[in-house]
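Report on the structure
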Amino acid sequence: MAGRTVRVRGFPAELPPDRAADKLTIHFLRSRNGGGEITDVRVLPGPRGCALITFEAPEVAQRVLAVQNHELSVGGKKFPLEVTVHVEEPSPDEVERGRRLLPALCWGRPTSLP
């Protein structure tokens with residue numbers, strides 16, 4: 001998945017995950033949005049709308065990142081999307097200084113447990 005995955009934030013968190021995934025898929029398939037073929041859309045649980053989108057080719061992810069203003073239309077309203085590079089987070093099994101790391105997929109840096 002390296003280089004093919006982007007993190008998307010800003011869509012309404014109250015959207016059911018399957019509907020959010022459908023809306024995001026349609027948006028990021030469109031060439032005018034820099035999009036292309038998608039292999040996976042993962043809507044993450046949490047207080048803010050956040051998803052990881054994996055494209056077939058890293059070039060597509062780069063084109064999507066180059067587009068300045070992504071907006072998602074939902075129910076007649078437009079929501080600005082924040083699209084950033086997704087950096088693989090350490091798995092919970094990885095250890096740093098004797099502490100387990102918790103992934104921070106959408107809400108910041110990994111935090112650790114004592």
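For the structure, check the block above.
Within each chain, residue numbers correspond to sequence positions counted from 1 in written order. Local features are withheld for residues below a pLDDT of 70 in this predicted model, meaning they are given only at 70 or higher, and side-chain atom pairs are given and counted only at 80 or more; totals for whole chains, interfaces and linings count all residues. Derived side-chain values reflect all non-hydrogen atoms in the structure, with water molecules and hydrogen atoms excluded from consideration.

**A short note on the layout of surface pockets**
Put plainly, a pocket is an open set of points on a 1 Å grid over the protein atoms alone with protein on both sides within 12 Å along at least five of seven lines, a cavity is a set where a 1.4 Å probe fits but cannot get out, and a lining residue has an atom within 4 Å of a point. Grid points are joined across faces, edges and corners, and a volume is the space filled by probe spheres set on the points. One number sums up the size of the largest pocket: a volume of about 190 Å³. For the largest pocket, the full set of lining residues is Lys23, Ile26, His27, Arg30, Arg32, Asn33, Glu71, Leu72, Ser73 and Lys78. Listed by contribution, the elements that provide at least two residues to the lining of the largest pocket are helix H1 (17-29) and strand S4 (70-74). Working definition: helices are DSSP H or I runs of at least four residues, strands are E runs of at least two. Numbering for both runs from the N terminus.

**A few points about the pairing of strand S3 (residues 50-55)**
Between buried and exposed lies partly exposed: a residue is buried under 20% and exposed over 50% of the maximum accessible area for its type, with that area taken using a 1.4 Å probe on protein chains only. Buried residues dominate S3, accounting for 6 of its 6 residues. The two faces of S3 match: Cys50, Leu52 and Thr54 on one face and Ala51, Ile53 and Phe55 on the other face are all buried. Of the strand pairs in this sheet, strand S1 (residues 5-9) and S3 are connected by 5 bridges, and their pairing is antiparallel. Each residue of the ladder has a partner; that of Arg9, found in S3, is Cys50. By this definition, two strands are paired if DSSP reports at least two bridges between them. Here strand S2 (residues 38-44) hands over to S3 after 5 residues, with Gly46 in that stretch at a positive phi of 155 degrees.

**Points about the sheet that holds S2**
If you walk across this open sheet you meet the 5 strands as S2-S3-S1-S5-S4, and the pairing is antiparallel. Strands at the two margins of the open sheet, each flanked by one partner only, are S2 and S4. Taking the axes of each pair of neighbouring strands and ignoring which way they run, one obtains an average angle of 30 degrees across the sheet. Bridge count between S2 and S3: 6 bridges; the pairing is antiparallel. Lines fitted to C-alpha atoms define the axes, with helix axes restricted to the stretch in contact, and inter-axis angles between N-to-C directions lie between 0 and 180 degrees.

**Quick word on the environment of Val74**
Structurally, the position occupied by Val74 is in strand S4. Taking the relative accessible area as the measure of exposure, Val74 reaches 9% and is therefore buried. A C-alpha to C-alpha distance of 9.2 Å links Val74 and Ala20, two positions 54 residues apart in sequence. Whether two residues are in contact is decided by their heavy atoms, any of which lying within 4.5 Å being enough. Leaving out residues up to four positions away in the same chain, Val74 has contacts with Pro12, Leu15, Arg19, Lys23 and Phe79.

**Let's talk about helix H2 (residues 58-66)**
Among all positions of H2, only Val60, Ala61 and Val64 are buried. The buried residues of H2 occupy an angular sector of 100 degrees when the element is viewed end-on, so they sit on one face. Relative to its buried face, H2 has exposed residues pointing more than 90 degrees away, namely Glu59 and Ala66. Arc, as used here, means the arc of the directions from the helix axis to the C-beta atoms.

**Topic: the pairing of S4**
Burial along S4 is one-sided: His70, Leu72 and Val74 are buried, and none of Glu71 and Ser73, which face the opposite way, are. The sheet contact formed by S4 and strand S5 (residues 77-85) spans 5 bridges and is antiparallel. Bridge assignment links His70 to a residue of S5, and that residue is Leu81. Connecting S4 to the next strand, S5, in antiparallel fashion are 2 residues, including Gly75 with a positive phi near 60 degrees.

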